[in-house]
Structures are given as structure tokens and as C-alpha cells.
Amino acid sequence: TADGAGRVEDDTLDGTQRLLARWLALQPPDRAAMAGRADACFKRHFQVEGVARHLIDTLSTLISS
């Protein structure tokens, strides 16, 4: 949610219904923008190269201090 890449609700039937209603209420340009943010979020937080880069930066900082 911090990246604007998705929505979060309670893991219940009501929460699922709210998520679906919110998704269906989005206009196509808003859905496309969210998809772009989701792609960037995945690359930043879960793609191996990005995670490795973050780990190297963190270790470098710890070694320096």
C-alpha cells in the first residue's frame, strides 16, 4: 500500500467484497497507473538484483560504521 501498488483489507469475506468493489470502481487509467506502480514495487522489493543491491548497501553501511 505504501507504494500505491495495491489495496489491503481484512482477510474476511467482507474484506474481499470491499476489495472487489473498490477495484471495480476504479477507472481504467487508475487501474493502469496502479499496475505500473505494482511493477515498480515488485522490481524494487522482490527482484533478485534489487534485493542484492539493497543487501550490499546495507552491509557496506554496517562495515563503515
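Residues numbered from 1 in each chain as written. Predicted model: local features only at pLDDT ≥ 70, side-chain atom pairs only at ≥ 80, totals over all residues. Heavy atoms only, no water.

**A word on the overall build of the protein**
Part 1 of the reasoning: Looking only at helices and strands, the protein features three helices and zero strands.
Part 2 of the reasoning: Counting helices and strands in the order they occur from the N terminus, the protein gives α-α-α.
Part 3 of the reasoning: Scaling as 2.2 N^0.38, a compact globule of 65 residues should have a C-alpha radius of gyration of about 11 Å, whereas the protein reaches 17 Å, well beyond that.
Part 4 of the reasoning: If you line up the protein on its principal axes, its C-alpha atoms span 50 × 25 × 20 Å.
Part 5 of the reasoning: Split into buried and exposed, the 65 residues of the protein put 9% on the buried side.
Part 6 of the reasoning: At a minimum sequence separation of 6, the contacts of the protein that also span at least 24 residues come to 38%.
Part 7 of the reasoning: Roughly 5300 Å² of accessible area belongs to the protein as shown, and the carbon and sulfur atoms make up 62% of that amount.
Part 8 of the reasoning: Here the protein contributes 8 positively and 9 negatively charged side chains, and the mean placements of these two sets differ by 6 Å. (Helix = DSSP H or I, 4+ residues; strand = E, 2+ residues; numbered from the N terminus. Rg over C-alpha atoms; globule rule 2.2 N^0.38 Å. Buried < 20%, exposed > 50% of the residue type's maximum accessible area, 1.4 Å probe, protein only. Contact = heavy atoms within 4.5 Å. Areas by Shrake-Rupley, 256 points an atom, 1.4 Å probe, with all protein chains shown as cover. Lys, Arg positive; Asp, Glu negative; His and termini not counted. Charge placed at Lys NZ, Arg CZ, Asp CG, Glu CD.)

**Here we look at the confidence of the model for the protein**
Part 1 of the reasoning: For the protein, the average pLDDT comes to 92, and 100% of its residues sit at 70 or higher.
Part 2 of the reasoning: Looking at the elements of the protein, mean pLDDT is at its lowest for helix α3 (residues 48-64), recorded as 90, and at its highest for helix α1 (residues 13-25), recorded as 96. (pLDDT = per-residue confidence, 0-100.)

**Quick word on the environment of E49**
Part 1 of the reasoning: Looking at the secondary structure, you find E49 in helix α3.
Part 2 of the reasoning: Judged by relative accessible area, which is 51%, E49 ranks as exposed.
Part 3 of the reasoning: When the C-alpha atoms of E49 and A38 are compared, they prove to be 17 Å apart, with 11 residues separating the residues in sequence.

**Things to note about the pattern of salt bridges**
Part 1 of the reasoning: Overall, the coordinates contain five salt bridges when judged by the stated rule.
Part 2 of the reasoning: The salt bridge partner of D3 is R44, with a shortest N-O separation of 3.3 Å. One end of the pair, D3, is in the segment before α1; the other, R44, is in helix α2 (residues 28-45), and 41 residues separate them in sequence.
Part 3 of the reasoning: Judged by its relative accessible area of 27%, D3 falls in the partly exposed class. (Salt bridge = Lys/Arg side-chain N within 4 Å of Asp/Glu carboxyl O.)

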